[in-house]
Structure formats: C-alpha cells, structure tokens
Amino acid sequence: MQRAIELAERARGNTSPNPLVGAVIVRDNKVLAEGWHKQAGKAHAEVDAIQNAKADDQTTKDSTIYVSLEPCSHHGKTPPCTQAIIDAGISTVVYATSDTNIDASGGAESLRDAGLEVIGGVCEEQARYVNRFFFHYQEHATPFVIAKFASSLDGRTATRTGNSQWITGSDARKHGHVARQAVDAIIVGAQTAIADQPQLTVRNPDAHRHTHPAHPLRILMDSKGRVPLSNSLFDKSLPGNTVVATTDAMPDDHATKLKEQNIEVIKLPISMQTHYPDITQLLKQLGKRKIQSVLVEGGNTVIGDFLDNELIDEVWAFIAPVLIGGNNAAPSIGGLGFDQLSSAPRLTNVTVEYLNEDILVKGILVKNKSNGVF
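Given the structure is predicted, the values throughout are model-derived calculations rather than measurements.

1. As for the pairing of strand β11 (residues 293–298)
Here comes step 1: Counting buried residues along β11, six of its six residues qualify, which places the element largely inside the surrounding structure.
Here comes step 2: Alignment of strand β6 (residues 144–152) against β11, held across four bridges, turns out to be parallel. Paired with Ala147 across the strands is Val296, a residue of β11.
Here comes step 3: When strand β7 (residues 185–189) meets β11, the two strands line up parallel, connected through four bridges. From the neighbouring strand, Ala185 faces β11, where its bridge partner is Val294.

2. Section: helix α1 (residues 2–9)
Here comes step 1: Taken together, the buried positions of α1 are occupied by Ala4, Ile5, Leu7 and Ala8. Mapping the buried residues of α1 onto a view down its axis gives an arc of 160°, with all of them on the same face.
Here comes step 2: On its buried face, α1 is in contact with β1 (22–27), β2 (30–36), β3 (64–67) and α5 (124–130).

3. Focus: the layout of surface pockets
Here comes step 1: If you add up the space inside the second largest pocket, you get close to 1300 Å³.
Here comes step 2: Lining of the second largest pocket is provided by 47 residues; of these, Thr192, Asp196, Glu297, Gly298 and Gly299 occupy positions nearest its centre.
Here comes step 3: Among the secondary structure elements, those contributing two or more residues to the lining of the second largest pocket are β6, α7 (170–182), β7, α8 (190–196), β11 and α11 (300–308).
Here comes step 4: Looking at side-chain class alone, the lining of the second largest pocket contains 19 nonpolar, 18 polar and 10 charged residues.

4. Some points on the side chain of His37
Here comes step 1: As for its position among the elements, His37 is in the loop between β2 and α2 (45–55).
Here comes step 2: Engagement of the side chain of His37 in a polar contact is seen with the side chain of Asn18, the distance being 3.2 Å.
Here comes step 3: A polar atom in the side chain of His37 sits 3.1 Å from the backbone oxygen of Ala43.
Here comes step 4: Setting aside anything within four residues of it in sequence, one finds His37 in contact with Ala11, Thr15, Asn18, Pro19, Val21, Lys42, Ala43, His44 and Ala45.

5. Thoughts on the pattern of salt bridges
Here comes step 1: Under the defined criterion, the tally for this structure stands at 13 salt bridges.
Here comes step 2: Residue Glu297 is joined to Arg180 by a salt bridge in which the shortest nitrogen-to-oxygen separation is 2.8 Å. Taken together, the residues span a long stretch of sequence, with Glu297 in strand β11 and Arg180 in helix α7 at a distance of 117 residues. Both residues of the pair, Glu297 and Arg180, count as buried.
Here comes step 3: A salt bridge links Arg289 to Glu264; its shortest N-O distance comes to 2.4 Å. Here Arg289 is found in the loop between α10 (279–288) and β11, whereas its partner Glu264 is found in strand β10 (residues 264–267), with 25 residues between them in sequence.

6. Considering the side chain of Asp48
Here comes step 1: Secondary-structure assignment places Asp48 in helix α2.
Here comes step 2: Exposure remark for Asp48: the relative accessible area of 9% places this residue in the buried category.
Here comes step 3: Within polar-contact distance, the side chain of Asp48 engages the side chain of Lys38 at 2.7 Å.
Here comes step 4: Contacts of Asp48, omitting those with residues within four sequence positions, involve Glu34, Gly35, Trp36, Lys38 and Ala43.

7. Some thoughts on the confidence of the model for the protein
Here comes step 1: Chain-level pLDDT for the protein is 93 on average; 96% of the residues reach the 70-or-more range.
Here comes step 2: This stretch, residues 369–374, has a pLDDT under 50; its non-local contacts, to residues over four places away or in other chains, come to 13 contacts.

8. Points about the sheet that holds β3
Here comes step 1: An order of β2-β1-β3-β4-β5 is seen for the five strands of this open sheet, with the pairing classed as mixed. Two strands bound the open sheet, and with one partner strand each, they are β2 and β5 (117–119). Between one strand axis and the next, the sheet turns through 15° on average, direction left out of account.
Here comes step 2: Pairing between β1 and β2: six bridges, direction antiparallel. Bridge pairing in β2 links Arg27 to Lys30.
Here comes step 3: Sheet strands touched by α1: β1, β2 and β3. Its angle to β1, the strand with the most contacts, is close to 145°.
Here comes step 4: Most of the contacts of α2 go to β2, to which it runs at about 130°, and overall it touches β1, β2 and β3.

9. Overview of the sheet that holds strand β12 (residues 314–320)
Here comes step 1: The sheet built from nine strands is open, its strands ordered β10-β9-β8-β7-β11-β6-β12-β14-β13 with mixed pairing. Single-partner strands in this sheet number two, and they are β10 and β13 (347–355). Averaged over all pairs of adjacent strands, the angle between their axes in this sheet comes to 20°, without regard to strand direction.
Here comes step 2: When β12 meets strand β14 (residues 358–365), the two strands line up antiparallel, connected through six bridges.

10. Points about the nonpolar core
Here comes step 1: Core analysis: the biggest nonpolar cluster contains 31 residues, and Ile146, Leu220, Leu233, Phe234, Val244, Leu258 and Trp316 have the highest contact counts within it.
Here comes step 2: Of all the secondary-structure elements, those providing two or more residues to this core are β6, α7, β7, α8, α9 (252–260), β12 and β14.
Here comes step 3: When residues in this core are grouped by element, the largest group, four residues, is from α7.
Here comes step 4: Sequence-distant contacts of Ile146, defined by excluding residues within four places in its chain, comprise Arg132, Phe133, Val183, Val294, Leu295, Val296, Glu314 and Trp316.
Here comes step 5: Judged by nonpolar contacts, the second largest core, of 28 residues, contains Leu268, Leu283, Val302 and Leu311.

What counts, and where the lines are drawn
- Residues numbered from 1 in each chain as written.
- Predicted model: local features only at pLDDT ≥ 70, side-chain atom pairs only at ≥ 80, totals over all residues.
- Heavy atoms only, no water.
- Buried < 20%, exposed > 50% of the residue type's maximum accessible area, 1.4 Å probe, protein only.
- Helix = DSSP H or I, 4+ residues; strand = E, 2+ residues; numbered from the N terminus.
- Pairing = 2+ DSSP bridges.
- Arc of directions from axis to C-beta.
- Contact = heavy atoms within 4.5 Å.
- 1 Å grid on protein atoms, 1.4 Å probe; cavity = no way out; pocket = protein on both sides within 12 Å on 5 of 7 lines; lining within 4 Å.
- Points joined across faces, edges and corners; volume = space filled by probe spheres on them.
- Nonpolar A, V, L, I, M, F, W, Y, C, P; charged D, E, K, R; others polar.
- Polar contact = N/O pair within 3.5 Å; in protein donor to acceptor, adjacent residues only side chain to side chain.
- Salt bridge = Lys/Arg side-chain N within 4 Å of Asp/Glu carboxyl O.
- pLDDT = per-residue confidence, 0-100.
- Axes fitted to C-alpha atoms, helices over the stretch in contact; angles between N-to-C directions.
- Core = buried A, V, L, I, M, F, W, Y, C linked by side-chain atoms within 4.5 Å.

Shown next, in the form of structure tokens:
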C-alpha cells in the first residue's frame, strides 16, 4: 500500500478534480504490475495497472490489487474500475480509504457482491493526507487553502525599506514550486505583484518528475486596479490563465483593458473588515469552478486576511537563518491577528525539512472547537 500511495503522488497537480490514486497488483508476494491515475479523463490507477500487466504478458487471475482509494463503481469519463477488476480475475482488493464522492462511492460493496475479498482502511491516514484537497472539497465545496511564506528567523518577510529578494536560498525557492505544482490556483495581492513581478508558474522540473508541469490558475487580489497592465502577471506568453479578483473600486477602463488582454475580472463584494475583496465569496466562486485547492503566496496582508477569517487549512513556512529586525519591517502574516494566545490556531502533523541552510515547516491548522473552521 505504501508503494500504491507513492505512485499516486506522481500525478500531483494533474488529476483535479479527480483524486490521486495508485495501484499495485501482487500474487504470491511478487509484484505483477503497477499503475497510477495520470490525468483526469485518462485510465484510472486500477485499469492502468491491469493494462500494464497485460502488456507484460502477466495474468492477473487470483491476484491481489492494492489501491490507495476505494475503486469507483460508476461510469464517468471512463468505465467503472470495479468491473475492470472483476473482468481481470482479481480475487482480493485492498484499499486505503473510502471514496466520499457520491457518484463514485460504493465500489467496495459492489466488489463484495461479486464474490471478491475486500479489505479497507490500510494506511488510511496517509492516503487521506495525500488526497486532502479532494476530501476537503467533497465536504465543503470550497478549496483547501495552503498559506505559503518565506521569512527570516525573527518572522520578517522584508526589511524596513521593503527589500525582500531573497530571504531564503535557491533550494528553498525551488522547493516552493512543489506546492505550486500540487494546487489548482495560486493567490497573491496587489502589493506583492507590484514589488516582486511574479510569474506564479511551475519552473522546477523536480516538482513534476513523472508528468508535465501543472501551472495553477493565477489569481490577483487587486481591489482598486493598482497593478499596471505591464506587470509580469499579465504577460500573454505565460502558460495557463490569470484572473483578477477586484471590487467596484476598480476603474471601469482598467477592467476593460484587462479583459482586452484576455484577463478575467471577477468583481466581489467588499469585506467590511478589510475593505478588500471578500475572500470568503472568492472561495465559494472558486468552489463552483471545481477548484479544489489554492496556494496563498502573499503578501502578508492577504495571508493575514485568510488567517483572520479562519480560512487557512495548511501552512508551508520557509524559514531562513537570518535576523532582519526593525519595528517597521514587514511581518510574515499581517491582518488583525488574535488577542489571546489561547485563540491562536496551532499546527498539527508538523514536519520539518532541511533545504540547505533553510528549513521548511509544514503543518495542518488545528480546528477551533468553538466554530469548527480550523
């Protein structure tokens, strides 16, 4: 099952709105074939593994298939995997976690009804984490939100003069593309766009070793139309699409010029708390587009807004061993913050990775018992 989960992760960023799934077929303690779902609309992991076995002249009769997600039992863009498993003569199915999609669930029961032995719940926690975007979307119909930032050891993202490039080293910056590869969309604020001229594309081949780069939808939060049309985000040569989330405060002529450059403009209500575009409404609109995950890259005002609204699900904090200091230096996270430490959300399932001299701290935000958001 560990191998099936590893195979599933190969397609990170390429299967949405489908989940990541890997499969391994075994008989007599020998691996006959492996497979993984590579892209939405293409063969599912179980079918891929069965096809690979046939291509290698391996019979799958009376074998066991290990799958990182319960096999689907419905006919969508591809036929049901349950029928493919039955037709292949596989006698035992072991899966990690159940499928919560209403249309696709019920595969385990169908297989049992066909006389196969079915075992579930193997490495379930790990498998659910790999598909956390998918499961979150199935439950809430809004994207899973990752907040990503790079800061000094004392929590600054820039000096008091605004100098911010680069706090972390090249290894950390390259690793940031792993997050970009994984998500459906990426969000930045107007000030970050103006100061950093980001492209928000995937430019590290190591982030997609087994697939093509999955450039996320670029979303610019610009309530007043401050970002000039010459900004790098509006470069027509960039792969993928760019959306500007704004308010009625944006001049009509600026919005028209953006649309003329094939930039989609979404007008949102103004948040009474921040006077910026209402990010809660933004996430609802993205959910309707089947966007299952977003990466909030900055700046600290935008990340602070997400934190204040209790909309962050996971944090990727790249920390450099440098001290910047200064009362006027930009902090990692802005916004209002929390009045009491007891109210401040903490991370769980924390991991630490060393990226040369820098470190990456990742974790899931613990749910706030009072409102159930975190």
